Amino acid sequence: MASISGTAIATSARPLFAARAQVAKGFSGLKSVSFSIQRKSFPSVRLQAAPRRLQVSCAAKPETVLKVCEIVKKQLALSDDTPVTGESKFSALGADSLDTVEIVMGLEEAFGITVEEESAQSITTVQDAADLIEKLVEGKSS
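Owing to the predicted nature of the structure, the values given are computational and were not obtained by experimental measurement.

Asker: How would you sum up helix α2 (residues 97-111)? Please name residues and give values.
Answerer: The α-helix winds at 3.6 residues per turn, so residues separated by three or four positions along the chain end up facing the same way. The end-to-end C-alpha separation of α2 is 21 Å, in line with the 21 Å expected for 15 residues at 1.5 Å each. Looking only at α2, the buried set comprises D99, T100, I103, V104, G106, L107 and F111. What you see down the axis of α2 is that its buried residues fit within an arc of 160°, all on one side. Facing away from the buried side of α2 by more than 90 degrees, the exposed set consists of L98 and E109. After α2 finishes, the residue G112 shows a positive phi value of roughly 65°.

Following this line, the structure appears as structure tokens:
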């Protein structure tokens, strides 16, 4: 999927399919799109206007990720030599749904936040948890 300020271009193609999109006449709007294809069938194309606002998404601070790693290790009783990083999935570390609830409770206590059930269900990695914590802490201080 390619995206350009003010517009978005989405294509769906088979793995062996080669498509190249070129957008002409600047970035303020979609003026023309050309595709070069190397197969007989044409890909499905969907053009859609994108919102005209700047959205910046940043990952959590390294110290937040580190603190979450420590809490996860403690809650799951992992040895010190077990590697836990931002990309670590709770399930890969041996956590079941009850363990995940206990991890979230530990995070709430450590960071002084409250995590809604819907948000808690979307946490699958250490990075997900750290990003959510940053968002909640920021919202709490605003």
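Asker: Please provide a residue-by-residue account of the side chain of T100, values included.
Answerer: Inspection of the secondary structure assignment puts T100 in helix α2. You can call T100 buried: its relative accessible area is 18%. If we ignore the near neighbours within four places in the chain, the residues touching T100 are F90, A95 and I123.

Asker: Can you explain the nonpolar core? Please cite residues and give values.
Answerer: Nonpolar side chains tend toward joint burial in soluble globular proteins. V68, V72, F90, L107, F111 and V126 are the most contacted members of the largest nonpolar core, which totals 24 residues. For this core, the secondary-structure elements that each account for two or more residues are α1 (62-75), α2 and α4 (126-141). What F111 contacts, discounting residues up to four positions off in sequence, is T64, K67, V68, I71, I133 and V137.

Asker: Describe the environment of S122, with residues and values.
Answerer: In this fold, S122 is placed in the loop between α3 (117-121) and α4. The sequence separation of S122 and L132 amounts to 10 residues, and the corresponding C-alpha distance is 9.6 Å. In terms of polar contacts, S122 uses its side chain to reach the backbone carbonyl oxygen of S119, at 2.7 Å.

Asker: Talk me through the packing of α1 against α4; I want residue IDs and the actual numbers.
Answerer: Two numbers describe how α1 lies on α4: the axes approach to 9 Å, and their chain directions differ by 125°. The orientation of α1 with respect to α4, classified from their angle, is oblique. As α1 runs across α4, the sense of the crossing is right-handed. For the pair α1 and α4, contact is made by T64, V65, V68, C69 and V72 and by V126, Q127, A129, A130, I133 and E134, respectively.

Asker: Please set out the confidence of the model for the protein residue by residue, giving values where relevant.
Answerer: On average, residues of the protein score 75 in pLDDT, and 59% of them reach the 70 mark or higher. For the stretch residues 1-28, pLDDT sits under 50, and the model shows 54 contacts to residues farther than four places along the chain or on other chains.

Asker: Describe in detail unusual backbone geometry, supporting the description with residues and values.
Answerer: The phi dihedral of A77 falls on the positive side, at around 50°, and the residue is not glycine. In this fold, A77 is placed in the loop between α1 and α2.

Asker: Provide a residue-level description of α1, including the pertinent values.
Answerer: Between its terminal C-alpha atoms α1 stretches 20 Å, which fits the 20 Å expected from 14 residues at 1.5 Å a residue. Three or more residues of α1 are buried, namely T64, V65, V68, C69, I71, V72 and K73. Of the surrounding secondary structure, the elements contacted by the buried residues of α1 are α2 and α4. Directly beyond the C-terminal end of α1, a positive phi value near 50° is found at A77.

Definitions and limits used
Residues numbered from 1 in each chain as written. Predicted model: local features only at pLDDT ≥ 70, side-chain atom pairs only at ≥ 80, totals over all residues. Heavy atoms only, no water. Helix = DSSP H or I, 4+ residues; strand = E, 2+ residues; numbered from the N terminus. Expected span 1.5 Å × (residues − 1). Buried < 20%, exposed > 50% of the residue type's maximum accessible area, 1.4 Å probe, protein only. Arc of directions from axis to C-beta. Contact = heavy atoms within 4.5 Å. Core = buried A, V, L, I, M, F, W, Y, C linked by side-chain atoms within 4.5 Å. Polar contact = N/O pair within 3.5 Å; in protein donor to acceptor, adjacent residues only side chain to side chain. Axes fitted to C-alpha atoms, helices over the stretch in contact; angles between N-to-C directions. Parallel < 35°, antiparallel > 145°, perpendicular 65-115°, else oblique. Left-handed = near helix turned anticlockwise from the far one by under 90°. pLDDT = per-residue confidence, 0-100.

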